[in-house]
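For reference, the chains in residue letters:
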Amino acid sequence: MKERHRKRVQLNLQFAKFPFIKRLQEFDYTAQPGIDRRLIEELATLRFLSEGRNTVFLGPPGVGKTMLAIALTTMVAEAGHRVYFTTAVDLATKLSKSIERNQLHRQLNMLMQPKVLLIDEVGYLQLDRTQASLLFQVICNRYERNQPIILTSNKAFGEWATVFAEDAVMASAALDRLLHRSTVVNIRGDSYRLREKRKSGSESAAPQK
Ligand code: ADP
Ligand code: MG
């Protein structure tokens, strides 16, 4: 039984297509004092799965949004569920290509299968109207069947019209569904990447003893 679970987790992690693996234990809370640790720990109980709650990580680049989203989604995979990672642009591009091949329905169906769909980098790149409406469809479909989405974005909700090809009506309809049952984690701190860079910069500049 244990061996079966191990194999299952291995397959789940292969299927997930994570760009990297990160663990929640690796997250340095002291580097991001503004973050609500209890909220992250509540998410780590995975109660959001049965509640069909979405999770949205918001904040500027480098603050750990993708890391936390991947760490959380990895826990879901390890609990035995299928999960899938994609960026918003890859998702939209794949779907719009599937229209040409007459496989949209199939692709949309596929995106319903994983227990958690992680959509990374919503708002980094502009979507055209078709792409925006495809992303919208995915959000609607999963909402209707209580299938959680974990999403990261650098755009505040007020700016989401730009995410949805300047269509404010579609943007607010998407947000309505996304936020109806959701946990929003706002990260306002400094970029961890730049912090690391500054650290190594000051070390190398320090006088040698
Ligand atoms: P974002 O998605 O918000 O742009 P990432 O999650 O990609 O940021 O984080 C940038 C890099 O910094 C990654 O390598 C990530 O693992 C690391 N990182 C960010 N925040 C933390 C943190 N609080 N503790 C440890 N590593 C972090
Ligand atoms: Mg990111």
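Structure: see above.
Since we're looking at a predicted model, the values are computed, not measured. (Residues numbered from 1 in each chain as written. Chains lettered and ligands numbered in written order. Predicted model: local features only at pLDDT ≥ 70, side-chain atom pairs only at ≥ 80, totals over all residues. Heavy atoms only, no water.)

## Concerning helix 1 (residues 2-16)
Thought 1: Look at helix 1: 21 Å from first C-alpha to last across 15 residues, which is about the 21 Å you get at 1.5 Å a residue.
Thought 2: Taken as a whole, helix 1 has its buried residues at V9, N12 and A16. On an axial view of helix 1, the arc spanned by its buried residues comes to 60 degrees, and they lie on one face. Across helix 1 from its buried face, at more than 90 degrees, point the exposed residues R4, L11 and Q14.
Thought 3: Of the surrounding elements, those touching the buried residues of helix 1 are helix 4 (65-78) and strand 2 (83-87).
Thought 4: Backbone geometry just downstream of helix 1 places K17 in the positive-phi region, at approximately 60 degrees. (Helix = DSSP H or I, 4+ residues; strand = E, 2+ residues; numbered from the N terminus. Expected span 1.5 Å × (residues − 1). Buried < 20%, exposed > 50% of the residue type's maximum accessible area, 1.4 Å probe, protein only. Arc of directions from axis to C-beta. Contact = heavy atoms within 4.5 Å.)

## A look at the environment of G62
Thought 1: Note on placement: G62 falls in the loop between strand 1 (54-58) and helix 4.
Thought 2: A sequence separation of 129 residues divides G62 from S191, and the C-alpha atoms of the two residues are 4.3 Å apart.
Thought 3: Contacts of G62, omitting those with residues within four sequence positions, involve D190, S191, Y192 and R193.

## Here's the deal with the site of ligand 1
Thought 1: By nearness alone, 14 residues border ligand 1, and D28, G62, K65, T66 and M67 come closest of all.
Thought 2: Between an oxygen atom of ligand 1 and a main-chain N or O atom of M67, the distance comes to 2.8 Å.
Thought 3: Taking 560 Å² as the accessible area of ligand 1 by itself, protein coverage stands at 88%.
Thought 4: Elements with a contribution of two residues or more to the shell around ligand 1: helix 4 and helix 10 (192-205).
Thought 5: With three residues, helix 4 is the largest single contributor of residues to the shell around ligand 1.
Thought 6: The class makeup of the residues in the shell around ligand 1 is six nonpolar, three polar and five charged. (Near = heavy atom within 4 Å. Polar contact = N/O pair within 3.5 Å; in protein donor to acceptor, adjacent residues only side chain to side chain. Areas by Shrake-Rupley, 256 points an atom, 1.4 Å probe, with all protein chains shown as cover. Nonpolar A, V, L, I, M, F, W, Y, C, P; charged D, E, K, R; others polar.)

## Comments concerning the side chain of Q147
Thought 1: By the secondary structure assignment, Q147 is in the loop between helix 7 (129-144) and strand 4 (149-153).
Thought 2: Taking relative accessible area as the criterion, Q147 reaches 15% and is therefore assigned buried.
Thought 3: At 2.9 Å, the side chain of Q147 forms a polar contact with the backbone oxygen of M112.
Thought 4: Those residues in contact with Q147, other than ones at most four positions away along the chain, are N54, M112, Q113, P114, K115 and R142.

## What to know about the packing of helix 1 against helix 4
Thought 1: Two numbers describe how helix 1 lies on helix 4: the axes approach to 8 Å, and their chain directions differ by 140 degrees. The segment helix 1 lies against helix 4, with H5, V9, N12 and L13 engaging T74, A77 and E78.
Thought 2: Considered class by class, the residues forming the contact of helix 1 with helix 4 number three nonpolar, three polar and one charged. (Axes fitted to C-alpha atoms, helices over the stretch in contact; angles between N-to-C directions.)

## Points about unusual backbone geometry
Thought 1: The backbone of L46 sits at a positive phi, close to 65 degrees, despite the residue not being glycine.
Thought 2: Structurally, the position occupied by L46 is in the loop between helix 2 (37-43) and helix 3 (47-51).
Thought 3: One non-glycine residue, E166, lies in the positive phi region at around 65 degrees.
Thought 4: Note on placement: E166 falls in the loop between helix 8 (160-163) and helix 9 (168-180).
Thought 5: A relative accessible area of 54% means that E166 is categorised as exposed.

## What to know about the nonpolar core
Thought 1: By size, the foremost hydrophobic cluster in this structure holds 31 residues, and its most contacted members are I119, W160 and F164.
Thought 2: Element by element, the count of residues in this core is highest for helix 7, at seven residues.
Thought 3: The residues contacting F164, other than those within four sequence positions of it, are A132, L135, F136, I139, M170, A171 and A174.
Thought 4: Within the second largest apolar cluster, 28 residues are counted, among which are F27, A71, F85 and I187. (Core = buried A, V, L, I, M, F, W, Y, C linked by side-chain atoms within 4.5 Å.)

## Some words on the pattern of salt bridges
Thought 1: What the rule picks out here adds up to eight salt bridges.
Thought 2: Residues R37 and E41 are paired through a salt bridge, measuring 3.0 Å at the closest nitrogen-oxygen approach. You can see R37 and its partner E41 sitting in helix 2, four residues apart, about one turn around the helix.
Thought 3: Close ionic contact of R129 with D167 constitutes a salt bridge, the shortest N to O distance being 3.2 Å. (Salt bridge = Lys/Arg side-chain N within 4 Å of Asp/Glu carboxyl O.)

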